[in-house]
Amino acid sequence: MSVNVTFDNLTVDLGGTRILDGVDLEIPAGSFVTLLGPSGSGKTTTLNVLAGFIERSGGHVRVDDKAIDDLPAHARNIGFLFQNYALFPHMNVGENVAFPLRARKIPAARRREMVADALRLVQLPDMQSRAIRSLSGGQQQRIALARALVFKPALLLLDEPLAALDKQLREAMQLELKRIQLETGTTTIAVTHDQIEAMSMADLVAIMNKGRLVQVGSPEEVYRRPADLFVATFLGEANLLPVSGGRVTGFRHAAATSRAEGIGVLRPEDIQIRPAAADDTAPGKVELSVFQGNRRRVTVRCAGIDTPVVISAPPSGVAAEVGDEVHLAIGVDRVHVVPAS
Amino acid sequence: MSVNVTFDNLTVDLGGTRILDGVDLEIPAGSFVTLLGPSGSGKTTTLNVLAGFIERSGGHVRVDDKAIDDLPAHARNIGFLFQNYALFPHMNVGENVAFPLRARKIPAARRREMVADALRLVQLPDMQSRAIRSLSGGQQQRIALARALVFKPALLLLDEPLAALDKQLREAMQLELKRIQLETGTTTIAVTHDQIEAMSMADLVAIMNKGRLVQVGSPEEVYRRPADLFVATFLGEANLLPVSGGRVTGFRHAAATSRAEGIGVLRPEDIQIRPAAADDTAPGKVELSVFQGNRRRVTVRCAGIDTPVVISAPPSGVAAEVGDEVHLAIGVDRVHVVPAS
Amino acid sequence: ASNTSSGGGATSASSKGAFTLPSDINAKWPKLSSTEVVLAGFGGETYQVRHQRVFDQFSKLSGAKVVDAPWDYGKFLNMVDSASPEWDAIDFDGYSTVALIQSGKAPAKLADWVRRCDLVDQAYQDYAAGSYAYSVVLGWSSSLKEAPKNWADFFDTKKFPGKRAFPKSIYAGTVEIALMADGVSKDNLYPLDFDRAFRKLDQIKGDLVFYDSYAQGQQYIVQGSATMVAIANSRMIQLKKDGKGDFTYEQAVLYPWGAFPITKNAKHADAVNALIDTMSHPAVQAEVARSLYLGPTVSAAFDLLSADEKALQPNSDENKAKAAVVNTEVAAKQDGEYVKRFFDWVGK
Amino acid sequence: MDALRDALPRTRGWFTAIGVLIAVFLLAPLIAVLPLAFTSSKYLVFPAVGFSWQWFDTVLTDPAWQGSIMNSARVAVTAAVIAMVTGTSAALAVRRISGGRRIVRTVLLAPMVMPQLVLALGLYLTYKNLVGGTSLTVLTLGQATLAMPLVFVTVSAGLAAVDPNLSRAAQSLGYRWPSVVWRIELPLVGRSVISGAILAFAVCFDEAVLAFFLVPPSQQTLPVKIWTSASENASPAIAAASALVICLAVTLLAVVALVGSRPNKQEAS
Amino acid sequence: MLPPALLLVLGMLGPVAVTIGVALRENGPVGAVTQPMRDPMVVHSIGKTLLLAVTVTIATWICGLLFTLAVGLAPRVVGQILFGILFLTFWISLLVRTYGWVLTLQPNGALDTLGRSLGLTDAAGFGLFQTLPGLLPPMVHIMLPYMVLPIYASLQALDPAQVRAARSLGGSEFLVLRRLVLPSLRSGSWAGVLLVFILSLGFYVTPAFLGGPGTQVLAMVIGVQFGRLENIGLTAALGALLLIAVLVLYAIADRIFKISEQWERV
Ligand SMILES: Nc1ncnc2c1ncn2[C@@H]1O[C@H](COP(=O)(O)OP(=O)(O)OP(=O)(O)O)[C@@H](O)[C@H]1O
Ligand SMILES: Nc1ncnc2c1ncn2[C@@H]1O[C@H](COP(=O)(O)OP(=O)(O)OP(=O)(O)O)[C@@H](O)[C@H]1O
Ligand SMILES: [Mg+2]
Ligand SMILES: [Mg+2]
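The rules we used
Residues numbered from 1 in each chain as written. Chains lettered and ligands numbered in written order. Predicted model: local features only at pLDDT ≥ 70, side-chain atom pairs only at ≥ 80, totals over all residues. Heavy atoms only, no water. Helix = DSSP H or I, 4+ residues; strand = E, 2+ residues; numbered from the N terminus. Contact = heavy atoms within 4.5 Å. Areas by Shrake-Rupley, 256 points an atom, 1.4 Å probe, with all protein chains shown as cover. Lys, Arg positive; Asp, Glu negative; His and termini not counted. Charge placed at Lys NZ, Arg CZ, Asp CG, Glu CD. Near = heavy atom within 4 Å. Polar contact = N/O pair within 3.5 Å; in protein donor to acceptor, adjacent residues only side chain to side chain. Nonpolar A, V, L, I, M, F, W, Y, C, P; charged D, E, K, R; others polar. 1 Å grid on protein atoms, 1.4 Å probe; cavity = no way out; pocket = protein on both sides within 12 Å on 5 of 7 lines; lining within 4 Å. Points joined across faces, edges and corners; volume = space filled by probe spheres on them. Buried < 20%, exposed > 50% of the residue type's maximum accessible area, 1.4 Å probe, protein only. Pairing = 2+ DSSP bridges. Domains from an automatic or database assignment. UniProt positions renumbered as here; feature names shortened; annotations may be inferred. Axes fitted to C-alpha atoms, helices over the stretch in contact; angles between N-to-C directions. Patch = residues over 30% accessible without salt bridge, like charges linked within 9 Å, V, L, I, M, F, W, Y side chains within 5 Å. Salt bridge = Lys/Arg side-chain N within 4 Å of Asp/Glu carboxyl O. Buried area = accessible area lost by both parts, 1.4 Å probe.

Caption draft 1: Region of the structure containing the overall build of chain A. Each helix and strand in chain A was counted, giving eight helices and 20 strands. Along the first, second and third principal axes, the C-alpha atoms of chain A reach 75 × 45 × 35 Å. In chain A, of all internal contacts separated by at least 6 residues, the share reaching a separation of at least 24 is 67%. Summed over its atoms, the accessible surface of chain A is roughly 14000 Å², and 51% of this surface lies on carbon and sulfur atoms. The centroid of the 37 positive side-chain charges in chain A is displaced by 6 Å from the centroid of its 38 negative side-chain charges.

Caption draft 2: Expanded view of the site of ligand 2. All names here are of chain B. Ligand 2 sits among Leu14, Ile19, Pro38, Ser39, Gly40, Ser41, Gly42, Lys43, Thr44, Thr45, Glu160 and His193. The contact in question runs from an oxygen atom of ligand 2 to an N or O atom on the side chain of Ser39, over 2.4 Å. Contact between ligand 2 and Thr45: an oxygen atom at 2.4 Å from a side-chain N or O atom of the residue. Isolated, ligand 2 exposes 630 Å² of accessible area, and the fraction of that covered by the protein chains is 57%. Here the residues of the shell around ligand 2 sort into three nonpolar, seven polar and two charged.

Caption draft 3: Representation of empty space enclosed by the protein in the model. Tallied over the entire structure, the rule returns 11 cavities of 30 Å³ or more. In this model, the largest cavity occupies a volume close to 700 Å³. What lines the largest cavity is a set of 32 residues, among which D:Met112, D:Gln116, D:Val203, E:Leu94 and E:Tyr146 lie closest to the centre. If you list the elements that add at least two residues to the lining of the largest cavity, you get helix H6 (116-131), helix H7 (136-160) and helix H9 (177-206) of chain D together with helix H3 (76-91), helix H4 (94-105), helix H6 (132-157) and helix H9 (186-201) of chain E.

Caption draft 4: The pairing of strand S3 (residues 32-36) of chain B, seen in detail. All names here are of chain B. In terms of burial, S3 is largely enclosed, as five of its five residues are buried. Bridging between S3 and strand S8 (residues 187-192) involves five bridges; their strand directions are parallel. If you follow Leu35 over to S8, its bridge partner there is Val191. Bridge count between S3 and strand S9 (residues 204-209): four bridges; the pairing is parallel. Its bridge partner lying in S9, Leu35 is registered against Ala206.

Caption draft 5: Main features of the domain arrangement of chain A. You can read the domains of chain A as domain 1 (5-224) and domain 2 (237-338). Each of domain 1 of chain A and domain 2 of chain A was reduced to a C-alpha centroid, and the two centroids are 40 Å apart.

Caption draft 6: Region of interest: the environment of B:Pro107. Position of B:Pro107 relative to the elements: it lies in the loop between helix H2 (93-103) and helix H3 (108-121). On the accessibility criterion, B:Pro107 (55% relative accessible area) is exposed.

Caption draft 7: Spotlight on the side chain of B:Glu176. All names here are of chain B. With respect to the helices, strands and loops of the structure, Glu176 is situated in helix H5 (residues 167-184). Using a relative accessible area of 10% as the deciding quantity, one classes Glu176 as buried. Not counting chain neighbours up to four residues away, the residues in contact with Glu176 comprise Val122, Gln123 and Arg142.

Caption draft 8: Structural view of the UniProt feature "transmembrane region" (unreviewed entry) in chain E. Residue and element names in this part refer to chain E. As recorded in UniProt, the sites labelled "transmembrane region" (unreviewed entry) are residues 49-74, 81-102, 139-158, 188-212 and 232-253. The span residues 49-74 shows a helical share of 96% and a strand share of 0%, and its end C-alpha atoms are spaced 36 Å apart. What you have in residues 139-158 is 95% helix and 0% strand, and the ends, taken at the C-alpha atoms, are 29 Å apart.

Caption draft 9: Quick look at the UniProt feature "domain: ABC transporter" (unreviewed entry) in chain A. Per the UniProt annotation, the sites labelled "domain: ABC transporter" (unreviewed entry) are residues 5-235 of chain A. The span residues 5-235 of chain A is 36% helix and 26% strand, and its two end C-alpha atoms sit 25 Å from each other.

Caption draft 10: Fine view of the environment of D:Gly87. Residue and element names in this part refer to chain D. Assignment of secondary structure puts Gly87 in helix H4 (residues 63-96). Note: C-alpha distance between Gly87 and Ala197 (110 residues apart in sequence) is 9.2 Å. Residues contacting Gly87, with those up to four places away along its chain left out, are Ile82, Met148, Val151 and Phe152.

Caption draft 11: Molecular detail of the pairing of strand S5 (residues 134-141) of chain C. Residues and elements named next belong to chain C. Where burial is concerned, most of S5 is hidden: eight out of the eight residues are buried. On S5, burial covers both faces: Tyr134, Val136, Leu138 and Trp140 on one face and Ser135, Val137, Gly139 and Ser141 on the other are all buried. Across seven bridges, the pairing between S5 and strand S9 (residues 245-255) is antiparallel. If you follow Ser135 over to S9, its bridge partner there is Leu254.

Caption draft 12: Region of interest: the sheet that holds S9(C). Residues and elements named next belong to chain C. What the six strands build is an open sheet, ordered S7-S6-S8-S5-S9-S11; its pairing is mixed. Among the strands making up the open sheet, the edge pair consists of strand S7 (208-211) and strand S11 (324-325). Relative to the sheet, helix H7 (residues 214-223) contacts S5, strand S6 (164-167), S7 and strand S8 (228-232), its axis offset from that of S8 by approximately 150°.

Caption draft 13: Highlighting a nonpolar patch on the surface. A contiguous nonpolar surface patch, about 320 Å² in accessible area, is contributed by D:Ile103, D:Val107, E:Val9 and E:Leu13. The set of elements that each furnish at least two residues to the nonpolar patch consists of helix H5 (101-109) of chain D together with helix H1 (2-38) of chain E. Looking at the element boundaries, D:Ile103 is found in helix H5. Taking the relative accessible area as the measure of exposure, D:Ile103 reaches 52% and is therefore exposed.

Caption draft 14: Representation of H2(B) in the model. Within H2(B), nine of the 11 residues are buried, which leaves it mostly tucked inside the rest of the structure. Among all positions in H2(B), only B:Val93, B:Gly94, B:Asn96, B:Val97, B:Ala98, B:Phe99, B:Pro100, B:Leu101 and B:Ala103 are buried. Each element contacted by the buried residues of H2(B) is listed here: H3 and helix H4 (137-149) of chain B together with helix H8 (164-172) and H9 of chain D. Between a side-chain oxygen at the N-terminus of H2(B) and the backbone nitrogen of B:Gly94 the separation is 3.1 Å; the capping residue is B:Asn92. With its phi angle positive at about 55°, B:Lys105 sits one or two positions after the end of H2(B).

Caption draft 15: Region of interest: the interface of chain E and chain D. Counting from both sides, the interface comprises 91 residues of chain E and, opposite them, 85 residues of chain D. The contact between chain E and chain D buries some 8100 Å² in all, and 79% of this surface belongs to carbon and sulfur atoms. Ranking the residues of chain E by area buried against chain D places E:Leu73, E:Trp91 and E:Glu173 at the top, with a combined share of 10%. Between E:Asp254 and D:Arg102 there is a salt bridge whose closest N-O contact spans 3.7 Å. One can count 10 residue pairs in polar contact (both at pLDDT 80 or more) joining chain E with chain D. Counting residues per element, the side of chain E that touches chain D draws most heavily on H1(E), at 13 residues. Grouping the amino acids of the side of chain E that touches chain D by side-chain chemistry returns 63 nonpolar, 18 polar and 10 charged.

Caption draft 16: Fine view of the interface of chain E and chain A. The partner chain A presents 24 residues to the 16 residues of chain E that form the contact. Where chain E abuts chain A, roughly 1800 Å² becomes buried across the two surfaces, and 63% of that area is made up of carbon and sulfur atoms. Summed over the shared surface of chain E and chain A, the number is five residue pairs in polar contact (both at pLDDT 80 or more). Elements that contribute at least two residues to the side of chain E that touches chain A include exactly helix H7 (160-168) and helix H8 (173-184) of chain E. Residue contributions to the side of chain E that touches chain A peak at seven residues, all from H7(E). Here the residues of the side of chain E that touches chain A sort into seven nonpolar, five polar and four charged.

Caption draft 17: Inspection of the environment of B:Ser200 at higher detail. Within the secondary structure layout, B:Ser200 lies in helix H6 (residues 195-201). According to the relative accessible area criterion, B:Ser200 is buried, its value standing at 15%. Counting along the chain gives 29 residues from B:Ser200 to B:Leu229, while the straight-line C-alpha distance between them is 22 Å. Once residues lying within four places of it in the same chain are set aside, the contact partners of B:Ser200 are A:Val290, A:Phe291, A:Gln292 and B:Gln174. Engagement of the side chain of B:Ser200 in a polar contact is seen with the side chain of A:Gln292, the distance being 2.7 Å.

Caption draft 18: Looking closely at the site of ligand 1. Residue and element names in this part refer to chain A. As a structural note, the neighbourhood of ligand 1 is formed by Leu14, Ile19, Pro38, Ser39, Gly40, Ser41, Gly42, Lys43, Thr44, Thr45, Glu160 and His193. In this structure, an oxygen atom belonging to ligand 1 sits 2.8 Å away from a main-chain N or O atom of Gly40. Bound to the protein, ligand 1 loses 58% of the 640 Å² it would expose on its own. The leading source of residues in the shell around ligand 1 is helix H1 (residues 43-51), at three residues. Among the residues making up the shell around ligand 1, the classes are represented as three nonpolar, seven polar and two charged.

Now the structure itself:
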């Protein structure tokens, strides 16, 4: 059932402005891709073009290597899960889930079976005749998912599927979505705001900015080896230290990977605080030390570096008080260098 | 200038339902308190009662040990920062900031000085004649802060002051708020949704649930020693392991603090994965291993424990693949026990 | 009760020449103290003409301004014997005035010095002066190929195609018309046989288009909404002048006289008497007849009219002979039932 | 709406056609009246013949028509001002009360469904002994009552777009409620107040039923003059007057659209 | 606050109370109800009123539904123009529009002329004038905005995501229209239907101008009685009857369907 999807130089203009500006993306069959990017970067637009809600201005969208540009939305066989679920409030659960089957003129008996299967898949059997209003947010979410999957679409698109849920439920549903995706094998594209969510669910993270696709890769790839400064700062916290001659300013011992000149991207967890000076340390003075639960965020001012260095320290390990002189070490091979803006 | 604030069995009924249900809270003069709690727990209501926007139904609010229950809002001398800033769109920056001084009939010359001081405090001098519309979100935020502080209120209340800002700006403003609070010494109460934010800014975190105050304490206190299961799960991620006879089920070596029977709260970063079995380890099998940027979230199923154990592992240290047999060790003194339900 | 709407409203007066009140008109008046007189009339152009030709000069002469009030039958009934009436007098039909007297609500008697009108029934000359005669005539559109002759033709929808315009809120004349159409001779109409009349009216109800005012009836003819109409003589004279239609005085329902009954406690009794006196002057009556085609109720007025002018009046000797003259006395007695039966029929 | 358009590409055309038909139906009576204002015939008869401005001339110079326009304008201005003050204060007050807001709203808006005829009757019965039942004052009172809900809804809608926190902010910054209303809320809904007042004026200027039953004949308003003219002489002056009324409505509506399309200051931010 | 309360008391509540008071004083509490009912003309007119209100409501509902969908579905500019036309006519004097209908509908008037030139009718014309069916077009014309507003509000409230969902789930146009769009307009339809019904009950101007003999609605009877002032008791009783019917219906309808909120969108 799984299909691959290709965006080929996809361009969209709406109301005179370019919303998508030449998006190229290949999604392997059966994979789970998350689209991540700042507000207004064109994530929803990308999904909408794929679903057939918005006309493209240029380029192509291919599903299983066939261009679907001229197929109307109702003929694309795509399951779409909307942020606010878009369940039909005047139908009950069963009628909602049966809607796509009715549209496909599937006989009543078969329809009943398929609805029951779909509800079992989302672990909400026995809910057929409940009113939509009487469901909790998480339940509505699952029903919407059942409705998007019941007709075995080739492709599942999710637009911020978990944004309306609270933290606990959101984390549970991330796993649930992942499980269902593995179970059905449907190629899935999800838009999300939340970086942790994007990395937790996806095989591939696609990062967008200003209507362009900036980087695609596995979660580790995009976090560890961001393509540019934008990705580096957008995803996670980063210390940006100038690199020249393959060395990080202020940390002469730290060798840069990937390129010799540019900006070194250093994650806070890649810098350690050492009580004593050593060959591989640089001296600094603690400016702030804030307890944040699972870590202590320490900012240290080092000589020769303009902005303070941010360090993720264990919440209650080496006590670094404000004003302490400390020594910083950078893990080996941790310096990824990107072009300076 | 700083004052202390006391809520004494404060109760609020609105539209027939009890919104606040006997809130007791003492806020020392000059401290920065954050109110944290799920949506609808009564955080905004608490601020509104303090500011005089909502009538209490029972109990008292005292400022510097004087009940202010009957003072109207305009006489309370409280600076209030609204989530959406509530700047007056028909006045320019200077007029907005001067507004509270005008109410206090402060002569024009003095007023100009004070406005200039306040704008300097928020690092936006020379903005006096700008229109509100022309400001960015962060700038509006600062102007609103200047307006709330210009008349040197005894108390500063902030309702989700940073919720509308994006991640980068939010983190910068957290530090800024903290700096200004230290500089002015004004007793400050801030409502926030964001746990990290709550812990980062505050001297004291007050956690609310269903109209009640559940726990107050320093960030470390509430994170490390939650008063009950609600706080334990609401703040940060927690493994909940049954404790009996002072020992954690499945981890016989781990001694419980605070009480011998109940539920042990174990933070994911307090459990280590060891490659080899030892005296202080328990065996388990890796179920999931998800890369989340600054950590790897590993779930391990252990014999004798119903729910899988969640572990925060370094993002790229000990490789624990799904299916691996691993051995878990719990840090000494890390098991805080709360009453079962 | 009634609203026959004065039968008036001949617009664009025929005699364009200036008219001046006779100089001796106030010879018998006492000294007037009122500065105004309130008259409930039908407004519109009829009253505009009256103001232009008569009232304005009267005001100059007497010092009393003539204030128009909107005609309202019920209001006048309440007012006629009230202690402090709003109005001084109202423009009324003869039979309504008689009904008023019969019901014991007689209006104030005219002052001794007011001119009496000799064409008004003898018994009521002390109450009714200054008014006019008018008739409801059969009119038709110039688009009609053959001219109808009488009310029977009006009811003959086969021979004369098209809708007939018929009054809806004005009832007077309708029963008489139906009876004549049904073959009752114009001299034997009274007392009215309502059952017979409404049976006859039922026959053409579907071919009627109803008007609320004579102006609307007139408009129906011009617009072509109707080919025949039962309408006040003045309106048809006007249409005829404009070449839009024609009419006949044959079987016209003639209301031979009307009145301006005065409220018992009129605030401006002196001025209203003087006004009625003025309107009763033959010269004034003749002028009203000339300009509004409202027939004089003073025989001397006819002497002042030319032969052509006389031929247009509803109550000239010749036209009166063709017409069915309303028996004021009997009509007054039957008025109550007339109203009820008519509006029941209309509302059905 | 766009989504709906896209969802029904084939049926759209049919509905559009039906919509246009209904729009033609909506314009039909105006199309019937307007040309007659320029007829050179002395009768109000369709179709119009010739072309002449004479009937406008009549309406604008004849003292009776002129007077009625003046009366209408006077009554409408006064009633609109009353409606503006009361409707605005009602909107501001409703925003402040917490309990029973629904009931208050229901009562405030009741004049809009009141049969005007019965309202006229009630006003007549109530004031006949005080002022004779028929006077421009009573009419003004009645029309103000009819128009007040309009201002109320317009200003309420404007206020709904004003962040309630603005008022709270002003309070916490040291202002009592009258100053809050004066310095914050009124400036922010100024446009809505003006729009509401213009609509109120338009409604009062056109109002016929109350006027028909309540005004003294010497003080007819324009709609009453049109009404009575329709029964007195059926002259094309009626069409000319109607044309003027239509022009006035279009102008006022355009003004409101202009005032309203620029949002209240709050919404712009 | 005081000013609106004062205005309401002087301008509405007072007169309402006085009308009911007069009705009761003149007829007694029982008579106020029974006395008008003894007059067959009144009973007749109540029947006519209800019949007219029901037909007008149904006709307006159908037109309103179609028009709203047209506004929503037509190309944006056309939709705006359609809406503009609706509003334009809404704000134009009722009297003028009604008179326009007189000129349109009267025999040999605009409609007949048009009909004849299109060959739709013979010399006799459509014959709508002064008939109950003839009252429908003008009444619908006047009531249409009251129907379109709430339905349009429902249409706007229809979540575009739901429409897209229905479409991406494979719904045909008919299915989307029937199972999604129309059901979503239900609450708006109810609000509009009730509003129009209530307004139709007390409507005076149009029947007064266009009504024929067979269309004496209650308001006409009251109007005629009021004009004559012969029987204040009966007039007041009829007025009170109409008033109470309208206000009670309004209060109930407002409770359930929040019809007063529809005005916000004018
Ligand atoms: N119909 C439209 N006409 C004009 N501009 C549009 C339209 N729809 C969207 N846009 C603009 O296109 C840009 C991309 O919008 P899109 O909804 O795809 O962003 P997004 O990445 O989904 O953002 P968010 O995270 O806020 O949902 C935005 O700047 C938006 O304002
Ligand atoms: N005026 C009111 N009438 C009735 N209930 C109200 C009113 N205002 C608030 N509530 C209810 O009181 C509860 C607490 O509201 P409050 O705004 O204080 O929550 P909160 O903690 O600020 O939530 P959030 O994080 O969503 O802002 C909610 O359940 C809310 O629905
Ligand atoms: Mg989006
Ligand atoms: Mg809140």
